[in-house]
Amino acid sequence: MLKLTWRNILRHPLRAGLTILGMAVAVLAFCLLRTVVAAWYAGVDASSPVRLVTRNSVSLMFPLPLAYLPRIQAVPDIARVAYAYWFEGVYIDKCHFFPQFAASLPGYLDAYPEYLMPEDQKLALVQDRRGAAAGRKLAARYGWRVGDAIVLKGTYFPGEYRLVLRAIYTGRDPSADETLLFFHWDYLNETLKKIAPDMADKVGWFLVQVARPDLAAPVSGKIDAAFKNSLAETLTETEAAFNLSFVEMTSAILLAIQAVSWLVIGVILGVLANTMAMNARERLGEYAALKTMGFKAHHLAGLIMGESLSLALVGGLLGLALNFPAVRFFPPEVTQYFPAMVVTRTTAALGLTVSLAVGLLAGIIPAWQASRVQIAAALRKVG
């Protein structure tokens, strides 16, 4: 049976080759689109269960007073509290976007053990009020080196902020975001006290680290209860929920990408099904002859299914192999928004599963027709 299946595949080399190539292109496109979706959720998947985020209950656009810090630190079972502000500054021009955070350094980075930096650079960052830390990918994007000057022009926060790159961190895990820039919240606050006093002494959120994941829920409740009925009530949630709220803002885009990925698979399913139907029609006489030799219906169905699955599997494996180098050709304008543009095991497994499913579905009807072929009727047909 295996020998017959292999000979059937090679009977029309051009047809088989084009079918495998089409399957490979479809699987490549499917996996690339799913890689983008996975990268979109990378921040959620990389979230730590022991990190909580306390923000304004109305919206992240509304700040919280820095005066909340000691009251949060007084809550039991909290290991560390840091704070940060989203800083939407312009570097060179608005086309050169990257995430920027004014944070309480080094405490904020200490809460992220997945961000690794040399001790001497970390010490220099702490000692320099205008010091900044950038991710490896971000530094490579602009060719930054330790000691370089970085000038950010404030948008929401007025003024011009002259930073000095004192540290470059690397990710411990493949999912770690290496496209971020951190600088001292104190530097931002001192500037605001001079040019915009009403905006000073405020933070965007507090980063709360608990000792164990099971303490996240009770600690969140205690923090929010402490500021209930205040002028700025709080909402404390896990880091995963906090990051997921940003992903949900683009849910329509994600839905469109996923729909297109399945549409591609639907197209190649039709192509492979048509190929198998052509093969089955051309070989009706052969199937009738095989039946006269003692082949059963399940043998004929196995020949069709084996050929369909083989074509789909070879094309799927080729598409998966091409997917790994293909992700490196994403332009920087795309990769700058994703912390980890890599092919995950889940994506690879899904691509392989889809390939086998396409091969199975494409061969069902031709296999059924071949198994029901009537010997006399098939042998009467010529051509």
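The model shown is predicted, which means the values in this text are computed figures rather than measured ones.

A.B. asks: Mind laying out the packing of aromatic side chains, listing which residues take part and the relevant values?
C.D. replies: Evaluation of the coordinates by the stated rule reveals 27 aromatic pairs. Pairing F101 with F182 gives two aromatic rings, centres 5.6 Å apart and planes at 25 degrees, and the pair type is stacked. A residue pair is termed long-range when its members are at least 10 positions apart, and F101 in strand β4 (residues 100-103) and F182 in strand β9 (residues 181-184) qualify at 81 residues. Per residue, the accessibility class of F101 equals that of F182, and both read buried. Their ring planes at 45 degrees and their centres at 6.0 Å tell us that Y108 and F182 sit as a pair that is tilted. Note that Y108 is positioned in helix α5 (residues 107-110) and F182 in strand β9, a separation of 74 residues in sequence. Assigned by exposure class, Y108 and F182 land together as buried. Members of the aromatic cluster, each reached through a chain of ring pairs, are W86, F97, F101, Y108, Y112, Y115, Y169, F182, W205 and F242.

A.B. asks: Quick one: what's the story with the side chain of R51, residue by residue and with numbers?
C.D. replies: Its place among the elements puts R51 in strand β1 (residues 51-56). On the basis of relative accessible area, R51 is assigned to the buried category, the value being 3%. For R51, the side chain forms a polar contact with the side chain of E114, separated by 2.9 Å. One polar contact links R51 to E239, side chain to side chain, over a distance of 2.9 Å.

A.B. asks: Report on the pattern of salt bridges, specifying residues and quantitative values.
C.D. replies: This structure, assessed with the given rule, holds 11 salt bridges. The salt bridge involving R136 is made with E178; its shortest N-O contact spans 2.6 Å. Here the residue R136 occupies a position in helix α7 (residues 136-142), and E178 occupies one in the loop between β8 (160-171) and β9, the gap between them amounting to 42 residues. Across the salt bridge formed by D173 and R172, the nearest N and O atoms sit 3.3 Å from each other. Overall, the relative accessible area of 46% leaves R172 in the partly exposed class. Through salt bridges with shared partners, a single network forms among R51, E114 and E239.

A.B. asks: Can you lay out the pairing of strand β6 (residues 131-135) for me, pointing to particular residues and giving the numbers?
C.D. replies: Taking burial as the measure, the five residues of β6 include five buried ones, the bulk of the element. Summarising the sheet, β6 and β8 pair through five bridges and their orientation is parallel. When the sheet's bridge partners are listed, A133 is paired in β8 with A167. Bridge count for β6 against β9 is three bridges, and the pairing is antiparallel. Across the sheet, the residue bridging to A132 is F183, located in β9.

A.B. asks: I'd love a proper account of the nonpolar core, names of residues and values included.
C.D. replies: Counting 45 residues, the largest nonpolar core has I72, W144, L152, L181, F183 and F206 as its most contacted members. Other than its neighbours up to four places away in sequence, F206 contacts L52, V53, T54, L64, P65, L66, Y68, L69, I72, V81, A82 and Y83. If you look at the next biggest cluster of nonpolar residues, it comprises 22 residues, including L125, A133, A176 and L207.

A.B. asks: A description of a nonpolar patch on the surface should follow, citing residues and the corresponding values.
C.D. replies: A contiguous nonpolar surface patch, about 410 Å² in accessible area, is contributed by L14, L18, L21 and V25. As for its position among the elements, L18 is in helix α2 (residues 13-40). Under the relative-accessibility criterion, L18 is labelled exposed at 53%.

Quick notes on the rules
Residues numbered from 1 in each chain as written. Predicted model: local features only at pLDDT ≥ 70, side-chain atom pairs only at ≥ 80, totals over all residues. Heavy atoms only, no water. Phe/Tyr/Trp six-rings, centres within 6.5 Å; stacked < 30°, edge-to-face > 60°. Helix = DSSP H or I, 4+ residues; strand = E, 2+ residues; numbered from the N terminus. Buried < 20%, exposed > 50% of the residue type's maximum accessible area, 1.4 Å probe, protein only. Polar contact = N/O pair within 3.5 Å; in protein donor to acceptor, adjacent residues only side chain to side chain. Salt bridge = Lys/Arg side-chain N within 4 Å of Asp/Glu carboxyl O. Pairing = 2+ DSSP bridges. Core = buried A, V, L, I, M, F, W, Y, C linked by side-chain atoms within 4.5 Å. Contact = heavy atoms within 4.5 Å. Patch = residues over 30% accessible without salt bridge, like charges linked within 9 Å, V, L, I, M, F, W, Y side chains within 5 Å. Areas by Shrake-Rupley, 256 points an atom, 1.4 Å probe, with all protein chains shown as cover.

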